[in-house]
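# Overview (structure and organization)
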Amino acid sequence: MSTVQIAKGGLQVRSRGPGGQKPARARRSRGVTMGALVAPSLVLIVLINAYPLVYAAIQATHDSTLISSGPYVGADNFSAALSDPAFWKAARFTLYFTLVGVFGSWAVGLGLTLLLRSGVPGRSVFRVLLLLPWVVPVVVSATSWNWLANTHDSPLPTLARVLGFGDVLFLADPTLAALTVFAFKVWVSFPFMMMTTSAALEAVDQNVYEAARMDGASSFQQFFHITLPLIARPTYISWVLMTIFCVNDFPTIFLLTGGGPVDATNSLVVYAYRLVFQDFRPGYGIAVAFLMTAVLSGVAAVLFRQIRKAAR
């Protein structure tokens, strides 16, 4: 005999008797098979990551050097970092760098996506050319920007003198160096956001826009009440990924400014690198890295909660 049960998702048919055990048994068997297939990869990933993570945690609780673990100091490295003005200065710059990198690249990427979807002539060629900042290796891009702005005779300072702004050394002034790093990060990151928003907009049903236009909705109303809500989930995902990219971005800052001048562009990841490999204080540097990871995990958790809300 069969019993038909009306559920939220539709109709469910459940069979009684010995035959009703077959689907459940098949699901259990399938789950065991899939678990057995995935287990070797999971074990390998855990083994590869567990050892360096445990070793780093041990180093963070010791006053270690590059050749010895040193005496046990407990949480002293973490408390020292939290009371260090240099740590908080690097944390502030990391926050500004991340905010500009995430929302600046998203705004530019979304704007270019909407522009290319509006029927611009040659948009296929422009779409390929706009990917170049992301495709070119960051070492090449950072070296090029350094050549453009680093010295007195570089093209950008020369152009500033011609325009009457005097001697403008973009990478020697703390404020201008920070603005240059921000601009460079947006420049190398907007193609990723452009691709993400372009893929999200491709999945939006155009009939929604047709209905909105028939109801008299303006372009701004369509953007804020249709476009942004419908691409909210991919947008939050791209924000999570870009946040991780920005916080962990070592080559952009190190190759462009090295954290200078006077630590004006010193991010947490560059600060941790300097502590470990220049000041030879790996325990302290690893503690800084753990604090950075904890904050990043909290930000990711908040954004993932927004992703679940957008999926409902």
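Residues numbered from 1 in each chain as written. Predicted model: local features only at pLDDT ≥ 70, side-chain atom pairs only at ≥ 80, totals over all residues. Heavy atoms only, no water.

## As for the confidence of the model for the chain
Heads up, the rule is: Summary of the metric used: pLDDT quantifies the predictor's per-residue confidence within the range 0 to 100. Numbered from the N terminus, helices here are DSSP runs of H or I no shorter than four residues, and strands are runs of E no shorter than two. Should any heavy atoms of two residues lie within 4.5 Å, those residues are counted as being in contact.
For the chain, the mean per-residue pLDDT works out to 84, and 92% of the residues sit at or above 70. Per-element averaging of pLDDT across the chain places strand 1 (residues 2–7) at the bottom with 38 and helix 3 (residues 85–117) at the top with 92. With pLDDT under 50 throughout, residues 1–20 is counted as low confidence; its partners more than four residues away or in other chains account for 17 contacts.

## Here's the deal with the packing of aromatic side chains
As a reminder, the rule being used: When the centres of two rings from Phe, Tyr and Trp lie within 6.5 Å, Trp using its six-membered ring, the rings pair. Their planes under 30 degrees apart give stacked, over 60 give edge-to-face, and anything left gives tilted. Accessibility here uses a 1.4 Å probe with only protein chains present; expressed as a share of the type maximum, an area under 20% marks a residue as buried, one over 50% as exposed, and anything in between as partly exposed.
Applying the stated criterion across every chain yields a total of 18 aromatic pairs. Summarising the aromatic geometry, the rings of Phe 192 and Phe 245 are spaced 5.7 Å apart at their centres and angled 70° between planes, so their arrangement reads as edge-to-face. With a gap of 53 residues between them, Phe 192 in helix 8 (residues 174–202) and Phe 245 in helix 11 (residues 232–247) connect regions that are remote in the sequence. Classification of Phe 192 as buried rests on a relative accessible area of 13%.

## Here's the deal with the packing of helix 6 (residues 138–149) against helix 7 (residues 155–162)
Our working definition: Here an axis means a line fitted to C-alpha atoms, over the contact stretch when the element is a helix, while the angle between two N-to-C directions is reported on a 0 to 180 degree scale. For this classification, Asp, Glu, Lys and Arg are treated as charged, while Ala, Val, Leu, Ile, Met, Phe, Trp, Tyr, Cys and Pro are nonpolar and the rest, including Gly, are polar.
Across the interface, helix 6 lies against helix 7 with an axial gap of 4 Å and an inter-helix angle of 30°. Where helix 6 abuts helix 7, its residues Trp 147, Leu 148 and Ala 149 lie against Pro 155, Leu 156 and Pro 157. Grouping the amino acids of the contact of helix 6 with helix 7 by side-chain chemistry returns six nonpolar, no polar and no charged.

## Side note on the side chain of Asn 146
The topology assignment puts Asn 146 in helix 6. On the accessibility criterion, Asn 146 (18% relative accessible area) is buried. Non-local contacts of Asn 146, meaning those with residues more than four positions away in its chain, are made with Leu 171, Leu 255 and Leu 256.

## Here we look at the packing of helix 3 against helix 11
Describing two packed helices takes the angle between their axes plus the distance from one axis to the other. Spelled out, the test is: To sort the angles, those under 35 degrees are grouped as roughly parallel, those over 145 as roughly antiparallel, those from 65 to 115 as roughly perpendicular, and the leftovers as oblique. What makes a crossing left-handed is the near helix being turned counterclockwise from the far one by less than a right angle; a clockwise turn instead makes it right-handed.
Here helix 3 crosses helix 11 at 140°, and the two axes come no closer than 9 Å. If you check the angle between helix 3 and helix 11, you find them oblique. When the axes of helix 3 and helix 11 are compared, the crossing they make is right-handed. Of the residues in helix 11, those touching helix 3 at Thr 94, Phe 97, Thr 98, Gly 101, Val 102, Phe 103, Ser 105 and Trp 106 are Thr 235, Trp 239, Met 242, Thr 243, Cys 246 and Val 247. Each residue belonging to the contact of helix 3 with helix 11 can be placed in one class, and the counts come to eight nonpolar, six polar and no charged.

## Some words on helix 13 (residues 268–277)
The buried fraction of helix 13 amounts to eight of the ten residues, a majority that puts the element mostly inside the structure. Those residues of helix 13 not exposed but buried are Leu 268, Val 269, Val 270, Tyr 271, Ala 272, Arg 274, Leu 275 and Val 276.

## Observations concerning the pattern of salt bridges
Here is the rule we go by: Salt bridges are counted wherever a side-chain nitrogen of Lys or Arg sits within 4 Å of a carboxyl oxygen of Asp or Glu.
The tally for this structure, following the rule as stated, stands at five salt bridges. A salt bridge links Arg 161 to Asp 167, with the shortest nitrogen-to-oxygen separation between them at 3.9 Å. Asp 167 sits in the exposed class, given a relative accessible area of 56%. Taking the shortest distance from any N to any O, the salt bridge between Lys 185 and Asp 249 comes out at 2.8 Å. In this pair, Lys 185 sits in helix 8 while Asp 249 sits in the loop between helix 11 and helix 12 (251–256), placing the two residues 64 residues apart along the sequence. Judged by its relative accessible area of 6%, Lys 185 falls in the buried class.

## As for the side chain of Gln 59
With respect to the element layout, Gln 59 can be found in helix 1 (residues 21–60). Given the relative accessible area of 5%, Gln 59 is considered buried.

## With respect to a nonpolar patch on the surface
Test applied: By definition, no residue in a patch forms a salt bridge, and every one has over 30% relative accessible area; like charges are joined within 9 Å, nonpolar side chains (Val, Leu, Ile, Met, Phe, Trp, Tyr) within 5 Å. Accessible surface area values rest on a Shrake-Rupley calculation with a 1.4 Å probe, where residue burial reflects the displayed protein chains alone.
A cluster of nonpolar side chains, namely Val 125, Phe 126, Leu 129, Leu 132, Val 135, Val 136 and Val 140, defines an oily patch on the protein surface of about 600 Å² accessible area. For the nonpolar patch, the secondary structure elements donating two or more residues are helix 4 (123–129) and helix 5 (132–135). Here the nonpolar patch gets three residues from one element, more than from any other, and that element is helix 4. Mapped onto the fold, Leu 132 is located in helix 5. What makes Leu 132 partly exposed here is its relative accessible area of 43%.

## Let's talk about helix 6
The test is simple: To estimate the expected span of a helix, subtract one from its residue number and multiply by 1.5 Å. Taking the helix axis as origin, the arc is that swept by the directions to the C-beta atoms.
Along its twelve residues, helix 6 runs 16 Å from first to last C-alpha, staying within 8% of the 16 Å computed at 1.5 Å per residue. Buried within helix 6 we find Ser 141, Ala 142, Asn 146 and Ala 149. Seen from one end, helix 6 has its buried residues packed into an arc of 135°, which puts them on one side.

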